[in-house]
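Residues per chain, in single letters:
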Amino acid sequence: MNDTSPLQVGGHEAEATKWLALQQERAPAGHWDELRGRVVSLTEAKNPAYPAECVSALSGAWKTFTDSLATQTTGQRPDLNARMANLQRQVRDNGITYNVYAAADQPQRPWSLDLFPLMLDPKDWQQIEAGVMQRMQLLERIMADAYGPQKLVLNGQLPAALVQGHPAYLPAMQGVPPVGGRYLSLAAFDLARGPDGCWWLLSQRTQAPSGLGYLLENRQIVSRLFPQAFEAFPVQRLAQTYRTLIDGIKARSPAGASAHIALLTPGPYNETYFEHAYLARYLGLSLVQGNDLTVREEKLYLKTLQGLQQVHGLLKRVDDDWLDPLEMRADSTLGVPGLLQAVRSGNVLVANTPGSGFLESNALLGFMPALARDLLGEELQLPAIPSWWCGEAAALQDVLPRIRSCVIKPTYPYNTDRQSFEPVQGRAFSRREQDEWAVRILRDPDAHTLQSWLPLSHQPTWQTGADGAPCIRSRPVVLRVFTVANAQGQWQVLPGGLARLGTREGIASMQRGGSSADVWVQSAVTGSAQSQGPSQSQSQTSGPSPTPTPPTLRPQAEPIPDVAALQRQRLVTSRAAENLFWMGRYTERTENTLRLVRLSLEILGSENQNRPDLLQFITRMANRHGLVRAGVPAASQAHRVFERSLVAGLWDKELATSVGFNLRAVRLAAASVRERLSPEHWRLLEQTESRFFSPEQQSAAPDTLAVQHLLADTSQMLAALTGAQTDRMSRDDGWRLLSIGRHIERLQFLSSALSEAVQLGLIGEQAGFDAVLDLFDSTISFHAQYQQSRTPQALMDLLVTHSDNPRSLGWVAHTLRSRLRRMGNLADGATSAMAELVPQLIEMTPESLWPLENKPAHPGSTLPLHAALAHCQTAACEVSDQLCSLFFTHSGEARYSVGA
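Residues numbered from 1 in each chain as written. Predicted model: local features only at pLDDT ≥ 70, side-chain atom pairs only at ≥ 80, totals over all residues. Heavy atoms only, no water.

(A) Looking closely at the packing of aromatic side chains. Using the criterion set out here, one finds 27 aromatic pairs in the structure. Ring centres 5.8 Å apart and planes at 35° place the aromatic pair Tyr 214 and Phe 274 in the tilted group. In this pair, Tyr 214 is assigned in helix H7 (residues 212-225) and Phe 274 in helix H10 (residues 273-283), connecting sequence segments 60 residues apart. A relative accessible area of 3% means that Phe 274 is categorised as buried. Here a set of aromatic residues connected by ring pairs shows up, and it is made of Trp 62, Phe 65, Phe 116, Phe 226, Phe 230, Phe 233, Trp 462 and Trp 520. Here Arg 402 stacks its cationic end above the ring of Trp 388, 5.0 Å away from the centre of that ring. In this arrangement the basic side chain of Arg 440 is found over the ring face of Phe 421, its NZ or CZ atom lying 5.0 Å from the centre. (Phe/Tyr/Trp six-rings, centres within 6.5 Å; stacked < 30°, edge-to-face > 60°. Helix = DSSP H or I, 4+ residues; strand = E, 2+ residues; numbered from the N terminus. Buried < 20%, exposed > 50% of the residue type's maximum accessible area, 1.4 Å probe, protein only. Lys NZ or Arg CZ within 6 Å of the ring centre and 35° of its normal.)

What follows is the structure, encoded as structure tokens:
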């Protein structure tokens, strides 16, 4: 489809020339150039200037790409710069991050994505697809033998050191048949194109391969930037393979199509946590951590507010070592005690079956060609990079003299029980380093595997050049492709992948600053057939399925009521419930303390700065809520010192009650339930925090006026957050707990603030009266309803008994009671009893709280209001404690505990 007519050549040449003019750095000599579709010669590499080249200089894929954009301004720096800026903005807006453990002060960084996709034509994809499906079949056979008859080791086809001697081999799973008839549900293969233009296998990942979520985000972003090129190529779609993965796991699980599937994540501090949350949301899975699960009677259960819910399938993103502290690492807090026994009993399918880690060894690649002939009766269609396991004497003797032409890799990577190290390239060795590594290998040959050095192909990227101007620069690329098992037990390859870009010298891991690119696989068909995704003939292995369709599957045309019911009921884990509850409390606490700081700064800078009652009020409130450190003089004694302390405390990271601490706590709680938040919600959280903590805001001597502007801006963003929490989240029990947390915090803060104001006699003076209205955020409502009627009874009506003012204690208490009653279906109706603890203030009258005969300006006088406010504070504390005991710590009665 890339044939060019004579009439088109001139236009193609012009377009090619325009693009080649942007390339400042071509691929090194001996490397395949993806832009040109050929290997770069030594003469070309030495020539710094590109000659005027004809259209054949671009590869067929790149010709298709550039031709579809020829009518636009593409190829010019301003246009590509605008697209790159759009890409980076979408990455930030979508909240795509990759955690970096080494950066403790900034644990997250935006995902790195390049502008140009890696494009594969049908011929390339045919080799890759057929090759990885064949290798997947071979890995399944090896896995079945390793945990079955072990004939490969007994017959000498595989060394025992690479199977039973591998630290990732699990003797506890020996002889255990796989749940659903398959050991492997998913695998990833890392490939690279060599100088011959063919793709070579570098490594394979079977334990917990990452990238499925990131590649989907890459596709959504890049396809929007080049929509014409995407359609003209045309590109195979990805969505069907994701459905295939989940349908396959469900079909092989004990409950069949009605199975409850969860995604097990190490938690928010894992480097790829964004992907875990994104995949759980996209696939409709429960995102769980190890402490969300428990094993009872050899079955796996999820701890939820609704009680224990059985989990039939687990898509794990935790390495096997950490899965079960009873049988593996005893120090693991990421796994589930008893999980392996549940797997052995056939009550839960874990994808992949624990114990597949030995398949990831680089040393295994050297044995695969012979194993393919013995087990499959076939030659491998996808070659692997030549590998020598030094544990074999003949291999060691053969490869050791050629160490400088090899890459040295650990036989047992990512394992602390055996020697492990980062791969090193022998061609960079000095003579001394070569000798040192030779001695090291001879000392422990089993732990070392040598692989031939492969000149990786180079992908064009859009970067800043040496002169500071944007340009096209080539970077080495490694392609990760994924294979999944479908409902019939056959293999399907995702028609795309994750391209990882490295430095010019070699591939860098994503954790060490590498980048990524989208992968476009050109479809061999066009039109409506393309929209259906790859054909069945493309996505299945040849030959009969090794396992029959599980009997629990129903025909597709038959409705499955159980699945529909499960989809309608969103389970809320105890951990998610606790984080939502505290997310609500910290959001409200941040708003309240921020409003208190704003009021205090306004008083200290106004004509009322010398009023003793107001100064005493803000001093008491600031000390009560920990906004200034202990020992700071009261505002009435040194109000400038107090003001500076109040401002400095905003960003105090050690002060657990500061505005900054509370704001950061909101984001941390939200991070643990990120799969429940929209991208806009998360982005707003991050923007609010980054704006508040920006370096220019934390200067040594911040200007009070600038601080007040910052607080006003932050208040606006918090109001938007409140809107997102109120109107953009599903109103399930998790949301109700978030709302309950907010109302508990509001009830406690406002009742204590009003109590202090009344005791200090603020109500009798206009300045104090207005300060209370401001703190309750009810100034406009009061003036609209009562005009200038500044009586205590009017204040009680608006701030205590009003049923329509959301800042009224009566409205807050009424809403809190309603939320608690709405959750009465949980824990034997325990929350209904809690609702009775909350006072019904809207049924009271202003006069009953503040009798008409009582004068407003009598500090310390006793009023019925005081008892009502004390009741509010006590109820807020009791309800909070009981909720925590009931749903989070499970320290209450046993019948309420869903997770003990």
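Following the structure, the description resumes.
(B) Here's a closer look at helix H27 (residues 792-801). Across the ten residues that make up H27, a large majority, nine, are buried. Within H27 the residues assigned to the buried category are Pro 792, Gln 793, Ala 794, Leu 795, Met 796, Leu 798, Leu 799, Val 800 and Thr 801. Buried residues along H27 sit in contact with helix H24 (733-759), helix H25 (766-775), helix H26 (779-786), helix H28 (809-822), helix H30 (846-849) and helix H31 (864-888). (Contact = heavy atoms within 4.5 Å.)

(C) How the structure looks around the environment of Val 879. Within the fold, Val 879 resides in helix H31. Overall, the relative accessible area of 0% leaves Val 879 in the buried class. For Val 879 and Leu 837, which are 42 residues apart along the polypeptide, the C-alpha to C-alpha distance reads 7.5 Å. Not counting residues up to four positions away in its chain, the partners in contact with Val 879 are Ile 744, Leu 820, Met 834, Leu 837 and Val 838.

(D) A look at the sheet that holds strand S16 (residues 387-389). With antiparallel pairing, the four strands of this open sheet are ordered in space as S16-S19-S17-S18. With one partner strand each, in any of the chains shown, S16 and strand S18 (424-425) form the two edges of the open sheet. With five bridges connecting them, strand S17 (residues 406-410) and strand S19 (residues 448-452) associate as antiparallel partners. The residue of S19 that forms the bridge with Lys 409 is Thr 449. Helix-sheet contacts for helix H14 (residues 431-443) involve S17, S18 and S19, and the interaxial angle to S19 is about 130°. (Pairing = 2+ DSSP bridges. Axes fitted to C-alpha atoms, helices over the stretch in contact; angles between N-to-C directions.)

(E) Representation of the pairing of S17 within the structure. Burial analysis of S17 places five of its five residues in the buried class, the great majority of the element. Pairing analysis gives two bridges linking S17 to S18, with the strands arranged antiparallel. Looking across to S18, one finds that Val 407 is bridged to Gln 425.

(F) Representation of the packing of helix H4 (residues 77-93) against H7. One way to put it is that H4 packs onto H7 with a least axis distance of 10 Å and a crossing angle of 150°. As far as their axial angle goes, H7 and H4 are roughly antiparallel. Here H4 and H7 pass one another in a crossing that is right-handed. On the side of H4, the interface is formed by Arg 83, Asn 86, Leu 87, Gln 90 and Val 91, while H7 contributes Ile 221, Val 222, Arg 224 and Leu 225. (Parallel < 35°, antiparallel > 145°, perpendicular 65-115°, else oblique. Left-handed = near helix turned anticlockwise from the far one by under 90°.)

(G) Main features of helix H9 (residues 239-252). Helix length check: H9, at 14 residues, gives a terminal C-alpha distance of 21 Å against a target of 20 Å (1.5 Å per residue), a fit within 8%. Within H9, ten of the 14 residues are buried, leaving the element largely enclosed by the surrounding structure. Listing the buried residues of H9 in full gives Thr 241, Tyr 242, Thr 244, Leu 245, Ile 246, Gly 248, Ile 249, Lys 250, Ala 251 and Arg 252. (Expected span 1.5 Å × (residues − 1).)

(H) Here's a closer look at the pattern of salt bridges. Under the defined criterion, the tally for this structure stands at 41 salt bridges. Across the salt bridge formed by Glu 591 and Arg 742, the nearest N and O atoms sit 2.5 Å from each other. Taken together, the positions of Glu 591 in helix H18 (residues 574-604) and Arg 742 in helix H24 put the pair 151 residues apart, joining distant regions of the chain. As far as the burial class goes, Glu 591 and Arg 742 line up, both buried. Put simply, Glu 756 and Arg 624 hold a salt bridge, and the shortest N to O gap is 3.3 Å. Taken together, the positions of Glu 756 in helix H24 and Arg 624 in helix H19 (residues 612-624) put the pair 132 residues apart, joining distant regions of the chain. We classify Glu 756 as buried; its relative accessible area is 9%. With a relative accessible area of 44%, Arg 624 lands in the partly exposed category. A cluster of three or more residues bridged by salt bridges with shared partners is formed by Glu 588, Glu 591, Arg 595, Arg 742, Arg 746, Asp 777 and Arg 807. (Salt bridge = Lys/Arg side-chain N within 4 Å of Asp/Glu carboxyl O.)

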